Amino acid sequence: MRVLPSSDSVNGETFTVADFLEAGREALKLTLVVGGDNINRIIKEPIVNRPGLALTGFFEHFAWKRLQLIGKSETAYLRSLDDKVRLERLAALCERKAFCYVFTNGQKPLEDEVKLAKELGAVIMTTPMKTRHFTHHSAFILEKLSAPRTSIYGTMVEVGGLGVLIEGDPGLGKSETALGLIKRGSALIADDLTCIRKAIGNNLLYASASESTAGYMEIRGIGIMHIPSIFGVNSVREEKRLQLVITFKRLNDIKSEIDRVGQTRRVKTILDVDVPNIIIPVSEGRDLVNLVETAAQQQRLMEAGYDPVEALSERLRQRADVNKKIIKSKKRGSGNV
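1. A closer look at the pairing of strand β19 (residues 273–282)
Then, number 1: Relative to β19, strand β17 (residues 244–250) runs parallel, the two sharing 6 bridges. By the bridge assignment for β19, I246 is matched with I278.
Then, number 2: In this structure, strand β18 (residues 266–270) lies alongside β19, joined through 5 bridges in antiparallel fashion. Directly across from K268, in β19, lies its bridge partner V275.
Then, number 3: Here β18 folds back onto β19, and the loop between the two strands holds 2 residues, one of which, L271, carries a positive phi near 50 degrees.

As C-alpha cells, then:
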C-alpha cells in the first residue's frame, strides 16, 4: 500500500484492491478467495455497495464502481434461485464492470461462483465480520486510502495536545527543537518529511510519518535516533491533526517583516485548507523550544476563543473612554468656576 505519494493529490488518491486488502487484512479480517491476478485493479469509488435490486436484474443506477458487499440477505436470495439463474445474475454484475465482492458473516461463495469469478476476472474476499460492522469499519479505511494527500519537508510534533508542524530551511534547528520538546513531554509525529492527508468529511488535515521512518529522528552530530526506545512509547504518535504551522526564518532575512504585536494572522494553505502560520525569527541565543511551546499554548488559547490582541485593544479602548470622560468632567468643572 502506498503511504507516501510521489506528488500532491488534491482531488484524492487512487488505490487498488491490493491496497484495500493490505490495509484491511487485519482490521477487517479479510481473506482473498479468488482473483489474485486482478487485485491491482483500481477501486473507482471509496465506498461499499449492497447490490440489492441489481441481483434481481434491475441495473438502473447500479453503483458498479464500488466494492460490492454480499451480506446474509444477498446470499439468502441468491441461494433461493435456480443454479443457472443464480450464475446468470452474478455474471450480469461482472459484465457491468462490478469486479470486487466481499462476503460477510463468514459466508463463502459456492464452487461454481468461484469458477465464474475466475472466468470473468472478478475478485472475491470473505470476512467473518457482521455486515453492519464491516460497513462501518471499512468506511474509515476507504476514506484514508482515497484521501487527498501530500508531503511537506518539516518536523511534526504534538505539543500540549496541539499538532504543530515546524518547517524552515535546513540547518535552522527544526529537529533539535523537536527533540527539546520531546524531552519536555511532547510527542514526535514525523521528522524531516511529514505526510499530510485531508479528511474530506470535516475538511481537516492529519499528519503522520512514512512507514519507513516512523519513530526515528536524525540529529546532526548524534545521528539516527529511535525516539520510543530512548524516551518511551508515549513519546511518539502515529497520526495527529495539523493545527499550527511554525516557520523558522533567519532573523536577518525577515527584519522588515516581523510583526511584534501579532496582529497579522498568517495562514499556510495545504490541500486547500488554511492552517494558522507563525513565523519565528531564528538567531543565536534564542530559546526555540520555549518559543514553540509558548506559540502552541497561545494557539490553543485562541482556538478556545480568547484573542490576546483583541483583548488588549478592547482594554486600551475602555481606558481611553474612561480618560475622555474624566477630561470632559474636568473641563465642565473648570467652566463653572
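Moving on, there is more to tell.
2. Focus: helix α2 (residues 72–79)
Then, number 1: Regarding α2, the residues found buried are E74, T75 and L78. All buried residues of α2 lie within an arc of 95 degrees about the axis, which places them on one face of the element. More than 90 degrees from the buried face of α2, the exposed residues found are K72, S73 and A76.
Then, number 2: Residues of α2 that are buried sit in contact with β5 (67–70), α3 (83–95) and β6 (100–103).

3. Here we look at the packing of aromatic side chains
Then, number 1: A complete count under the given rule lists 1 aromatic pair for this structure.
Then, number 2: Here the aromatic rings of F59 and F62 are separated by 5.6 Å at their centres, their planes lie at 75 degrees, and the arrangement is edge-to-face. Each member of the pair, F59 together with F62, is buried.
Then, number 3: Geometry around F99 places R41 over its ring, the cationic atom sitting 4.0 Å from the centre.

Reading the values: the criteria
- Note on numbering: residues in each chain are counted from 1, in written sequence order.
- Per-residue local features are limited, in this predicted model, to residues with pLDDT of at least 70; the limit for side-chain atom pairs, both in listing and counting, is 80 or more; totals at the level of whole chains, interfaces and linings are taken over all residues.
- The basis for the side-chain values is all heavy atoms of the structure; hydrogens and waters are excluded.
- By definition, two strands form a pair when at least two bridges between them are found by DSSP.
- By the criteria applied, helices consist of DSSP H or I runs no shorter than four residues and strands consist of E runs no shorter than two, each listed in order from the N terminus.
- The classification of residues rests on relative accessible area computed with a 1.4 Å probe and restricted to protein chains. Under 20% of the type maximum is buried, over 50% is exposed, and intermediate values are partly exposed.
- The directions from the helix axis to the C-beta atoms form the arc being described.
- Note on contacts: a residue pair is in contact if any heavy atoms of the two residues lie within 4.5 Å.
- The criterion for an aromatic pair is that two Phe, Tyr or Trp rings (for Trp, the six-membered ring) have centres within 6.5 Å, with stacked assigned to planes under 30 degrees apart, edge-to-face to planes over 60 apart and tilted to the rest.
- Our definition puts a charge over a ring when NZ of Lys or CZ of Arg is within 6 Å of the ring centre and also within 35 degrees of the ring normal.

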